[in-house]
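Okay, here's what each chain looks like letter by letter:
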Amino acid sequence: GINAEYGRIACKYTINTKNQFWVAKLYGGGTEASFLAEMIIAYFNQNCHTYSSSPLFTYAEEEILKKVIGYVGFDAEEAGGLFLPGGSYATLNAMICARYSKYPNCKRSGLNHPIQVITSINSHYSIEKSANMMGIGVDNVIKIDFDKTTSTELDEILTKNKVFLINSTAGTTSEGTMESIEKFSEVLRKHEVWHHIDACVGGLALFSEKYRYMTKLFKEADSITVDAHKCLNINQQCTMLLMKKGRLLGENSSVVAPYLFHEDDKYDISHRSLQCGRRADGFKLWFCDKIDDLDAQATLIYDRTTQFKKIVASDERFQQVLEDSPTHICFKINNAFKVNLHKITETLRRENIFVEYHNDYFRLVVVNACIIEKDFKEILNRLFEVYENQSA
């Protein structure tokens with residue numbers, strides 16, 4: 001019938017991210033457990049704003065947040081968190097809480113003076129978008145090179161400006177590098193600057209006992225965002241905002257709404273959310289944690305990346321770059337002076353091989369469990385063949 005025909009059309013013309021040649025983005029096709037959780041969420045179609053409307057989903061969200069907060073090392077009594085629709089929105093919430101922490105009166109009266117945010121030159125664009133949405137203005141986002149900037153130079157920037165937050169990235173989008181601002185700790189404490197970690201990619205290490213050492217400084221941050229739908233491969237979307245002082249979520253967000261909140265409202269998550277309508281994304285991670293081995297999944301992605309990097313490093317056709325990235329496989333074509341990366345990736349897409357590039361190098365992320373060494377070598381071989389054909 002006509003309904004089946006539209007279903008076939010959708011399947012035919014939609015990219016299958018479960019494809020073993022899908023290595024373009026920071027997410028994959030999702031796991032079977034997270035797909036099953038999605039079906040449960042969709043079937044019951046509950047709103048996770050009040051406990052009375054979604055008791056199980058509320059319980060699941062709170063339980064998995066406690067577990068991940070334990071991985072971070074925050075004080076279990078003081079810390080809190082929230083599942084939000086995407087890393088960008090979680091970053092926005094963190095920035096709003098940071099502003100409230102510095103200027104608590106802004107919730108009611110707003111601000112009548114400029115304030116600034118500091119982030120690295122490699123950070124995600126969500127910092128600028130959040131500054132725009134908050135009325136701070138993108139011109140008040142100060143970008144610096146964390147590696148080259150000294151503590152003295154940062155101190156001068158903080159003295160001349162009203163900086164309320166500094167953002168570092170644990171797993172940059174373009175490179176996968178883990179930024180550290182440990183050298184700025186004393187200066188940041190002096191100026192009482194909120195530290196937010198965008199760990200949407202690097203937060204994967206929290207779930208791996210083998211690689212959790214990479215998150216040892218997370219507990220020093222004031223807030224952290226983690227995308228389980230990225231490298232952990234839970235179905236979209238599954239984002240956590242974790243806060244060292246969880247009470248700030250409620251203080252910043254709560255309003256009086258007697259038509260919604262009643263006498264039994266102490267478990268209502270909407271008290272600490274800027275949203276009213278909330279999908280049960282936390283249930284997905286809780287469900288997968290119960291029936292899957294998330295430690296094994298996270299560890300496999302890091303191990304596989306290390307394994308495939310060795311293949312690139314031993315292949316004389318390629319030059320590996322950004323070798324320290326734990327999640328990204330980045331490389332150039334050796335002895336090639338003019339490489340049209342966009343044209344190469346465009347050609348490969350027509351063959352259902354999905355590769356990404358940044359600046360002058362290719363970038364591959366191996367999230368899907370179905371990708372094996374044979375598939376990875378086939379991607380490299382075909383990529384080089386396309387390059388040779390276009391260079392002929």
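Treat the numbers as computed from the prediction; the structure is a model and nothing was measured.

Draft legend 1. Here's a closer look at the pairing of strand β7 (residues 239-243). Burial analysis of β7 places five of its five residues in the buried class, which makes it a mostly covered element. A two-sided burial pattern is seen for β7, the buried positions comprising Thr-239, Leu-241 and Met-243 on one face and Met-240 and Leu-242 on the other. Sheet topology places strand β1 (residues 80-84) next to β7; five bridges connect them, and they run antiparallel. Pairing of Gly-81 across the sheet is with Leu-242, part of β7. When strand β6 (residues 223-227) meets β7, the two strands line up antiparallel, connected through five bridges. Opposite Thr-225, over in β7, you have Leu-241 as the bridge partner.

Draft legend 2. Broad picture of helix α11 (residues 294-313). Over its 20 residues, α11 extends 29 Å from the first C-alpha to the last, a length consistent with the 28 Å expected when each residue adds 1.5 Å. If you check which residues of α11 are buried, you get Leu-294, Gln-297, Ala-298, Thr-299, Ile-301, Tyr-302, Arg-304, Thr-305, Phe-308, Lys-309, Ile-311 and Val-312. Tucked into the core, α11 has its buried residues touching α10 (281-291), β8 (318-321), β9 (329-333) and α13 (373-391). Put simply, Asp-293 is the residue that caps the front of α11, since its side-chain oxygen is 3.3 Å from the backbone nitrogen of Asp-295.

Draft legend 3. Expanded view of the sheet that holds β8. Strand order in the open sheet formed by four strands is β8-β9-β11-β10, with antiparallel pairing between adjacent strands. Because the sheet does not close on itself, it has two edges, and the strands there are β8 and β10 (356-358). For this sheet the average axis-to-axis angle between neighbouring strands, irrespective of direction, equals 40°. Relative to strand β11 (residues 361-364), β9 runs antiparallel, the two being bridged by three bridges. When the bridges of β11 are listed, Phe-331 appears paired with Phe-362. Each of β8 and β9 is contacted by α11, which is oriented at about 10° to β9, the strand it contacts most.

Calculation rules
The numbers attached to residues start from 1 for each chain and follow its sequence in the written order. Thresholds applied to this predicted model are a pLDDT of at least 70 for local features of residues and 80 or more for the giving and counting of side-chain atom pairs; totals over whole chains, interfaces and linings are not thresholded and use all residues. Processing note: side-chain calculations cover all non-hydrogen atoms of the structure and skip hydrogens and water entirely. We call a residue buried when its accessible area falls under 20% of the maximum for its residue type, exposed when it is over 50%, and partly exposed in between, using a 1.4 Å probe and counting protein chains only. The numbering of helices and of strands both runs from the N terminus, where a helix is a DSSP run of H or I of at least 4 residues and a strand a run of E of at least 2. In this scheme, strands are said to pair when DSSP sees at least two bridges between them. One fewer than the residue count of a helix, multiplied by 1.5 Å, yields its expected span. Pairs of residues are marked as contacts when any of their non-hydrogen atoms sit within 4.5 Å. Here a polar contact is recorded for every N or O atom pair within 3.5 Å, except that within protein the pair must consist of a potential hydrogen donor and a potential acceptor, and residues adjacent in sequence are included only if both atoms are side-chain atoms. To obtain an axis, a line is fitted to C-alpha atoms, over the contacting stretch when the element is a helix, and the angle between two such axes runs from 0 to 180 degrees between their N-to-C directions.

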